[in-house]
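Commentary on secondary and tertiary structure
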Amino acid sequence: MPLVTRILSRSFGLHTLVALAVASGAAPIRSETLAGAVDQALAASPEVAEAVNLWRARQEEVEGARAGFRPRVDLTAGFGYEYTDSPGSRALGQDSIELDRGEFGVSARQLLFDGFGTASELARQEARVASAAAGLRAVAESVAAKTAVAYVDLLRYRELEQLSGDSLQVHLRIQDQIRLRSDAGVGRRADLDQVDARVALAQANVIAAQVNRADAETGYRRVVGRFPPSEAARPQVTVERLPVTVDEAIELAKLANPQILGANADIEAAQESHRAAKQFNYPRLELEVGSNLDNNIDGAEGYRNEVEAMLRMRYNLYRGGADAAKVRETAYNITESKEVRNRAYRQLEEALRLAWAALDATTRQVPLLEAQIVAARATRDAYAKQFNIGQRTLIDLLNSENEVLAARQAVVNAASDRLLAYYRVLEAMGRLVEHFGSETPVVATAGN
């Protein structure tokens, strides 16, 4: 199985992959879900289109390398003037001979053996195709991750804006109550000043929340390529799709993470380049067949026809040490590629462990923060009743309202962070695009 097929097969079902050129124009857009946003982002992403074209270019390089196994056919033809002053012409009693010269020739050359150079070059180019395919998968995963961040932040800041608006309305109602009391002469002026200050702060918070929401919408448009929908469904965390432990997730990620797969492909390409560098240790054998149909050649009038079939050997004995240096160079390239993969292993493990820890922490935080909301609301309601009968001050009532707001904001942020941590885990495992059921922009025939 070609390396590109192995890479894409490990990347969640090669036979479900569809060409970007087709998907971008025909696939329906699920505008109100994160999966629909990912579909749109993949179809419109310049980074994805760039990776697709790089992958296609690498495929053409494979065809170029495969051409080395095929015969080479050359055709030559010429007609013109020939002036000859040679011992042959002078032996004929002429100092020089002028003729109309004509040439026509055809030759074919077939490689028989070149020290495995062509075979190694073909394998190297196939490995580069696999590397480009893995790079395309990595770009798709990255775009999906950026889309998830943009989508979750859109929901986050819309909800925070709503909470700020709700808090402002509560403060305005309290302000009306305190103003009525003050106007009736049963309230203190200090209470009215205090609530006015809190209302101004709540209004400022609403403006800040509106700015954050507008920024999130702008970021969404930049990533997805269109304005966000007026309503967006909140995605859910399905931890059942994840491995039981982080160590198990790391081992699975090493088999499917596109950056690791790309690094493995680069190692294979370097190894094939090393094998190709050794081709000059062997002679080169070619079968050559040719025919020349010439007229008025070398001062002799008349036609000359030649046909030849030759088995030729060419063997370079010395090129100043360039061949040995090339072998050493490619050996170092193999070691370099392996160290790049080792670095990718470390970065993958770090990213996955951090995301796993964040997912675990936020999963445990959310129910506690939700319990805090319940307690804060109960406290606020009790304070409101006590304030009405003079057992609580206005400061107590306003502070209890702020505690409810802070608790609700904490839940929104923790739930959003939990989603993002979940998606970071899937991205590190190379399974984010698969999770959304999106079509990866790779030509499906790559694995056939």
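Look a little higher up for the structure.
Let us look at the structure shown here. Since this is a predicted model, take the numbers as computed values, not measurements.

1. Notes on the overall build of the protein
In terms of regular secondary structure, the protein is built from twelve helices and four strands. For the protein, the proportion of its 448 residues judged to be buried stands at 39%. Within the protein, contacts between residues separated by at least 24 positions form 83% of all contacts whose residues are at least 6 apart in sequence. When the accessible surface of the protein is summed, it comes to about 24,200 Å², and 52% of that surface belongs to carbon and sulfur atoms.

2. Concerning the sheet that holds strand β4 (residues 300–314)
The antiparallel open sheet is built from four strands, whose spatial order is β1-β2-β3-β4. The sheet is open, and its two borders are formed by β1 (72–84) and β4, each paired with just one other strand. Within this sheet the neighbouring strands show an average axis-to-axis angle of 15°, counted without direction. With 13 bridges joining them, strand β3 (residues 284–297) and β4 adopt antiparallel strand pairing. If you follow Asn295 over to β4, its bridge partner there is Tyr303.

3. A closer look at the packing of helix α6 (residues 117–184) against helix α9 (residues 258–277)
Packing of α6 against α9 leaves a shortest axis separation of 8 Å and a crossing angle of 165°. Accordingly, the angle class assigned to the pair α6 and α9 is roughly antiparallel. Relative to α9, α6 is oriented so that their crossing is left-handed. Residues that form the contact of α6 with α9 fall into these classes: ten nonpolar, six polar and nine charged.

4. With respect to unusual backbone geometry
Of note, Phe116 is a non-glycine position whose phi angle comes to about 65°, a positive value. With respect to the helices and strands, the residue Phe116 is situated in the loop between β2 (97–113) and α6. Even without glycine at this site, Asn296 takes up a positive phi of about 55°. Tracing the chain through its elements places Asn296 in strand β3. In this structure Asn296 comes out as buried when scored by relative accessible area, which is 11%.

5. Quick notes on the pattern of salt bridges
Summed over the entire model, instances satisfying the criterion amount to 35 salt bridges. For Glu141, the salt bridge is made with Arg137, and the minimal N-O distance between the two is 3.6 Å. Of this pair, Glu141 and Arg137 both sit in helix α6, separated by four residues, roughly a single helical turn. Summarising the burial analysis for this pair, Glu141 and Arg137 share the class buried. In this structure, Glu349 and Arg353 form a salt bridge, with 3.0 Å as the shortest nitrogen-oxygen distance. On the criterion of helical spacing, the pair formed by Glu349 and Arg353 is a turn pair, its members being four residues apart in helix α10 (residues 322–388). Linked through salt bridges whose partners overlap, the residues forming this network are Arg109, Arg284, Glu286, Glu288, Arg312 and Arg314.

6. Re the packing of helix α8 (residues 246–256) against α10
In contact at an axis separation of 10 Å, α8 and α10 are set at 140° when each is read in the N-to-C sense. With respect to α10, the axis of α8 lies oblique. Regarding α8 and α10, the two cross each other, and that crossing is right-handed. In this structure, α8 uses Val246, Asp247, Ala249, Ile250, Ala253 and Lys254 to contact α10, whose residues at the interface are Tyr345, Leu348, Glu349, Leu352, Arg353 and Trp356. Classifying every residue of the contact of α8 with α10 by side-chain character gives eight nonpolar, no polar and four charged.

What counts, and at which threshold
- Residues numbered from 1 in each chain as written.
- Predicted model: local features only at pLDDT ≥ 70, side-chain atom pairs only at ≥ 80, totals over all residues.
- Heavy atoms only, no water.
- Helix = DSSP H or I, 4+ residues; strand = E, 2+ residues; numbered from the N terminus.
- Buried < 20%, exposed > 50% of the residue type's maximum accessible area, 1.4 Å probe, protein only.
- Contact = heavy atoms within 4.5 Å.
- Areas by Shrake-Rupley, 256 points an atom, 1.4 Å probe, with all protein chains shown as cover.
- Pairing = 2+ DSSP bridges.
- Axes fitted to C-alpha atoms, helices over the stretch in contact; angles between N-to-C directions.
- Parallel < 35°, antiparallel > 145°, perpendicular 65-115°, else oblique.
- Left-handed = near helix turned anticlockwise from the far one by under 90°.
- Nonpolar A, V, L, I, M, F, W, Y, C, P; charged D, E, K, R; others polar.
- Salt bridge = Lys/Arg side-chain N within 4 Å of Asp/Glu carboxyl O.

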